[in-house]
Amino acid sequence: MSTREKIITVSNLYKKFGSFTANDDLTFDVYKGEIFGFLGANGAGKTTAIKILCGLSKPTSGKATIAGFDVYTQTEAIKNSIGYMSQKFSLYEDLTVAENIRFFGGIYGMTRKDIKIKTQLLLDKLGLQDSAKKLIKDLPLGWRQKLAFSIAIVHDPKIVFLDEPTGGVDPITRRQFWNQIYEAASEGVTVFVTTHYMDEAEYCDRVSIMVDGRIAALDTPQKLKETFGADSMNDVFIKLARGDNK
Amino acid sequence: MKHFLGFVIKEFYHIFRDKRTLAILFIMPVVQMLLFGYVVTNEIKDAKIGILDHSQDVVTKKITDKLVSSGYFVVTKVLTSEDQIGACFRNASVKEVVVFEPDFAVKLQRDNKAAVHLIADASDANSANLIVSYTSAIINDYVQKENAQAAIPMQIGIESRMLYNEELKGVYMFVPGTMTLILVLICALLTSVSIVREKELGTMEILLASPLRPLQIIIGKVMPYAVLSFVNVITILLLSNFVFGLPIQGSIVLLLLESMLFILLSLSVGIFISTSTSSQQTAMLMSMMGLMLPTIILSGFIYPVENMPLVLQWLCHVNPSTYFIIIIKNIMLKGLGFMGVWKETLVLCGMIVFFITMSVRKFKIRLE
């Protein structure tokens, strides 16, 4: 594991808002092509950490590099090497499928030619050839989500951050969505995903669980279950959240 | 620069695919101009009056003719006795009754004095006022001309002249205000709503996480509205010139530059509103209540600022529209140059700096 290339390194990272410590001494690495699950209850500090990793917010102290770029000084380079998708899997509803692809490709500085090729590829892959000129609002929710993910990685980022990407989606669509994630990971994209569905945590290569701003556990789902003597990730999480292990 | 252009194009898609936005952008300005120009008017035209002439002589006939030929009045009732006056007003067949006393011409000849009684329907106080003052003006005018012939000594003739708007046309008053109102609505309301919509949809997060800089995002969002507002300024000026015959006395270049300045100010107000809220409805309410009403009432658009209670006058003085209306009036009607509007221009500049500074401070780069 450790021989692989590190794409995210975080060490002794703190983020404080006044007297409140949102991220308390975070240290972890993420490897290239890995699906890294970032779990925690609401308010555990997940979002704060993601913002720092996406170059949107600066840490109070500690070190972090994303794709080799420093979060203090090279936020621009970071933003160019990542993709981001939020829980609202947002696309512009009054633009067509093709226009959305063109727009998001464009803001990442892709050339017109690249965008054209990518659009064709993407439409073929998703089976959306006939819908290229349809407005997003006329697409079913499941399709929108697939498209949102494809667009988040349209510019071939090294890392893609998914912030609770499956909120409010039915189980079948979630399953399909995870297939998409696997596919992306197999192509070498590192996937950093936050979720509060514990069954989804099982799909990740490694999982970190945050409690009160700290990383309470970090390992493969299998090892975590063994360590905590639990049958499922859900049990692991409940035990951790109760503080049974302390 | 290239991804910035794509951003602006996307914004135009939003605008041209939303019927409501299109209506506000292109139909509302024209409708408002026509409404204010034709409907909301302070002029009187063909006001119905009744004549009760107890004298029936040459002078009263002449005065009546003068009233009718002025174009302001139509005689719809010729009364024969005082008793009929009440009924006329009750069934609203006249707005005013002009009563000449008996032996009008004789008294005028003998005593240099005769009485006309003007009775007006003041259930609509404004028009009653106007009608009475128009009538008395016409009668005075007649008397003065007669006097000049008779050469009666020691007469004080008052001659008034309405500068910048000789005919007291309502349009002169409404064009500056309407233009201001439209710019405020389009720039502040539409931009604040469109920025907040991105927040609501969650696309703002994606934009912030992209290589676009926050400043590029904001400029990209407001740019199309700035361009379209400028188009509107030109439409309004053309309409007011060709439809209502309102001339532009001063420099048109200066007027356009000042309009751009005000567009910039309204945009910064819109941005400021969008940083203070994350729901489209709140943004819309804030723009409507916080901007539209003050622009109409507290800006000198309709009601003169000097006549307001002191506290309201203070409010007028923090209202950007007040200054822009003064600027337009000074340039369009009075034909003043930059030296005539530099103070107001300075205030507008100061306000732009204020709102942009406040917005930058409030701009939350953090993801929700």
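Residues numbered from 1 in each chain as written. Chains lettered and ligands numbered in written order. Predicted model: local features only at pLDDT ≥ 70, side-chain atom pairs only at ≥ 80, totals over all residues. Heavy atoms only, no water.

The next point concerns the overall build of chain A. Scanning chain A from terminus to terminus reveals nine helices and 10 strands. Overall size of chain A, expressed as C-alpha extent along the three principal axes, is 55 × 40 × 35 Å. Sorting the 246 residues of chain A into buried and exposed places 54% on the buried side. Entry remark: accessible area of chain A is about 10800 Å², with carbon and sulfur atoms responsible for 49%. Averaged over its 32 positive side-chain charges, chain A has a centre that lies 4 Å from the centre of its 30 negative ones. (Helix = DSSP H or I, 4+ residues; strand = E, 2+ residues; numbered from the N terminus. Buried < 20%, exposed > 50% of the residue type's maximum accessible area, 1.4 Å probe, protein only. Areas by Shrake-Rupley, 256 points an atom, 1.4 Å probe, with all protein chains shown as cover. Lys, Arg positive; Asp, Glu negative; His and termini not counted. Charge placed at Lys NZ, Arg CZ, Asp CG, Glu CD.)

Take the packing of aromatic side chains next. All names here are of chain A. Summed over all chains, the structure comprises 22 aromatic pairs over all chains. Ring centres of Phe161 and Phe192 lie 5.1 Å apart, and the angle between their planes is 50°; on these two criteria the pair is classed as tilted. Placement of the pair is Phe161 in strand β7 (residues 159–163) and Phe192 in strand β8 (residues 190–195), with a sequence separation of 31 residues. In this structure Phe192 comes out as buried when scored by relative accessible area, which is 0%. An aromatic cluster of three or more residues is present, and its members are Phe28, Phe36, Phe38, Phe161 and Phe192. Here the basic side chain of Lys146 rests over the ring of Trp143, its NZ or CZ set 4.5 Å away from the ring centre. The ring of Tyr203 is capped by Arg175, whose NZ or CZ atom sits 4.8 Å from the centre of that ring. (Phe/Tyr/Trp six-rings, centres within 6.5 Å; stacked < 30°, edge-to-face > 60°. Lys NZ or Arg CZ within 6 Å of the ring centre and 35° of its normal.)

Going through the model one piece at a time under the given rule, you end up with two cavities of 30 Å³ or more. The volume enclosed by the largest cavity comes to roughly 80 Å³. Elements that contribute at least two residues to the lining of the largest cavity include exactly β6 (82–85) and α5 (141–152) of chain A. Tallying contributions element by element places α5(A) first for the lining of the largest cavity, with three residues. Residue composition of the lining of the largest cavity, by class: nine nonpolar, two polar and no charged. What the second largest cavity holds in volume is close to 60 Å³. What lines the second largest cavity is simply B:Val184, B:Ala188, B:Phe262, B:Leu265, B:Ser266, B:Val269, B:Leu291, B:Asn319, B:Pro320 and B:Ser321. For the lining of the second largest cavity, the secondary structure elements donating two or more residues are α7 (170–201), α10 (252–276) and α13 (320–333) of chain B. The dominant element in the lining of the second largest cavity, judged by the number of residues it contributes, is α10(B), at four residues. (1 Å grid on protein atoms, 1.4 Å probe; cavity = no way out; pocket = protein on both sides within 12 Å on 5 of 7 lines; lining within 4 Å. Points joined across faces, edges and corners; volume = space filled by probe spheres on them. Nonpolar A, V, L, I, M, F, W, Y, C, P; charged D, E, K, R; others polar.)

Residues and elements named next belong to chain A. Neither face of β6 is open: one carries Ile82 and Tyr84, the other Gly83 and Met85, and all of them are buried. Pairing between β6 and β7: four bridges, direction parallel. Along β7, the bridge assignment pairs Gly83 with Val160. (Pairing = 2+ DSSP bridges.)

A few words on the layout of surface pockets. All names here are of chain B. By volume, the second largest pocket amounts to about 520 Å³. Looking at the lining of the second largest pocket, the elements that each hand over two or more residues are α1 (2–17), α2 (19–39), α7, α9 (214–242) and α11 (280–297). The greatest single-element share of the lining of the second largest pocket, amounting to seven residues, is contributed by α7. Residues of the lining of the second largest pocket, tallied by class, amount to nine nonpolar, five polar and nine charged.

Attention now goes to the sheet that holds strand β3 (residues 96–100) of chain B. Residue and element names in this part refer to chain B. The four strands are arranged β2-β1-β3-β4 in an open sheet whose pairing can be described as mixed. Only two strands of the sheet have a single neighbouring strand rather than two, namely β2 (73–79) and β4 (116–120). When strand polarity is set aside, the average angle formed by the axes of neighbouring strands in this sheet is 25°. Pairing of strand β1 (residues 47–53) with β2, which is carried by six bridges, proceeds in the parallel orientation. Looking across to β2, one finds that Gly50 is bridged to Lys77. (Axes fitted to C-alpha atoms, helices over the stretch in contact; angles between N-to-C directions.)

Let us look at α13(B). Residues and elements named next belong to chain B. If you check α13, its first and last C-alpha atoms are 20 Å apart, about what 14 residues at 1.5 Å a residue would give, namely 20 Å. The element α13 is extensively covered by neighbouring structure, given that 12 of its 14 residues are classed as buried. Looking only at α13, the buried set comprises Pro320, Ser321, Thr322, Tyr323, Phe324, Ile325, Ile327, Ile328, Asn330, Ile331, Met332 and Leu333. After α13 finishes, the residue Gly335 shows a positive phi value of roughly 70°. (Expected span 1.5 Å × (residues − 1).)

A:Ile8, A:Phe28, A:Leu147, A:Phe161, A:Phe192 and A:Ile209 are the most contacted members of the largest nonpolar core, which totals 144 residues. Looking at which element gives the most residues to this core, the answer is α7(B), with 16 residues. Look past the residues within four positions of A:Phe192 in its chain and what remains in contact with it is A:Ile8, A:Phe28, A:Val30, A:Phe36, A:Phe38, A:Ile50, A:Leu53, A:Ile159, A:Val160, A:Phe161 and A:Leu162. (Core = buried A, V, L, I, M, F, W, Y, C linked by side-chain atoms within 4.5 Å. Contact = heavy atoms within 4.5 Å.)

A few words on the state of the cysteines. For the structure on display, the rule yields zero disulfides over all chains. Here B:Cys187 stays free of any disulfide, with the sulfur of B:Cys349 as its closest cysteine sulfur at 16 Å. (Disulfide = S-S within 2.5 Å.)

Moving on: the sheet that holds β7(A). All names here are of chain A. Ordered in space as β6-β7-β8-β3-β9-β10, the six strands form an open sheet in which the pairing is mixed. Across the chains shown, the open sheet's two edge strands, defined by having one partner strand only, are β6 and β10 (214–219). The mean angle between the axes of side-by-side strands here comes to 15°, regardless of whether they run parallel or antiparallel. With five bridges joining them, strand β3 (residues 35–40) and strand β9 (residues 206–211) adopt parallel strand pairing. By the bridge assignment for β9, Phe38 is matched with Ser208. Relative to β9, helix α9 (residues 233–242) is tilted by about 30°, and along the sheet it contacts β3, β9 and β10.

Counted under the stated rule, the structure contains 20 salt bridges over all chains. One salt bridge in this structure joins A:Glu34 and A:Arg206, with 2.5 Å as the shortest N-O distance. Taken together, the positions of A:Glu34 in the loop between β2 (20–31) and β3 and A:Arg206 in strand β9 put the pair 172 residues apart, joining distant regions of the chain. Neither A:Glu34 nor A:Arg206 differs from the other in exposure class; each is buried. Salt bridges sharing common partners tie together B:Lys10, B:Glu11, B:Glu198 and B:Lys221. (Salt bridge = Lys/Arg side-chain N within 4 Å of Asp/Glu carboxyl O.)

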